[in-house]
Amino acid sequence: MSEESGGDMCSSVQADFATSCCFATCPICPSGFNLRWEVDVEYNKATISCGEFDGIIKGNGVMKGTTDCLSLQSTYSSACCYNYATSSYAPGSSPSIGGSPSNDGTYASY
């Protein structure tokens, strides 16, 4: 038996579990900034790329606006976020942190 996404059963299940299964995940970058996927940072004593934060955030259920989310943003947005349209880094950062928006092999440690 298959249920289409717009069917009554599907809608009922979505409504029943929306608060426990669906939530706004924490964005590392502020609005208007892009994630610099290739930049490496230190997280939990390991080197990861900024692009790996999506899986970490979803895997740990970090919700937008929580203390954990704000901590991740304040620690990593300066190295991981860049606005390509305005050629500017996320607030609180400098171009020397994490290198340029291209993959230049630099390493940002926090």
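How each quantity is defined
Residues numbered from 1 in each chain as written. Predicted model: local features only at pLDDT ≥ 70, side-chain atom pairs only at ≥ 80, totals over all residues. Heavy atoms only, no water. Disulfide = S-S within 2.5 Å. Helix = DSSP H or I, 4+ residues; strand = E, 2+ residues; numbered from the N terminus. Buried < 20%, exposed > 50% of the residue type's maximum accessible area, 1.4 Å probe, protein only. Pairing = 2+ DSSP bridges. Contact = heavy atoms within 4.5 Å. Axes fitted to C-alpha atoms, helices over the stretch in contact; angles between N-to-C directions.

A.B. asks: When you look at the state of the cysteines in this model, what are you seeing that I'm missing?
C.D. replies: Two cysteines form a disulfide when their sulfur atoms are joined by a covalent bond. Under the definition given, this model contains three disulfides. Linked covalently through their sulfurs, Cys26 and Cys69 form a disulfide whose S-S length is 2.1 Å. Judged by the sign of its S-S torsion, about 80 degrees, the bond between Cys26 and Cys69 is right-handed. Within this pair, whereas Cys26 is found in the loop between α1 (8-21) and β1 (34-35), its partner Cys69 is found in helix α3 (residues 67-80), the two being separated by 43 residues in sequence. The exposure classification of Cys26 matches that of Cys69, with both residues buried. Disulfide pairing is shown between Cys50 and Cys80; the S-S distance is 2.0 Å. Measuring the twist about the S-S bond at about -75 degrees, one finds the Cys50-Cys80 disulfide to be left-handed. Pair noted here: Cys50 is in the loop between β3 (46-49) and α2 (53-60) and Cys80 is in helix α3, with a separation of 30 residues, a long-range link. Taking the relative accessible area as the measure of exposure, Cys50 reaches 0% and is therefore buried. Under the relative-accessibility criterion, Cys80 is labelled buried at 0%.

A.B. asks: Teacher, can you tell me more about the sheet that holds strand β4 (residues 81-83) here?
C.D. replies: For sheets, the rule is that strands pair by backbone hydrogen bonds, running either parallel or antiparallel. A sheet is described by the order of its strands in space; here three strands give the open sequence β1-β4-β5, paired in antiparallel fashion. Each edge of the open sheet carries a strand with a single partner, namely β1 and β5 (88-89). Note: β4 against β5, two bridges, orientation antiparallel. Pairing of Asn83 across the sheet is with Ser88, part of β5. Contacts from α3 reach β1, β4 and β5, with the element oriented near 50 degrees to β4.

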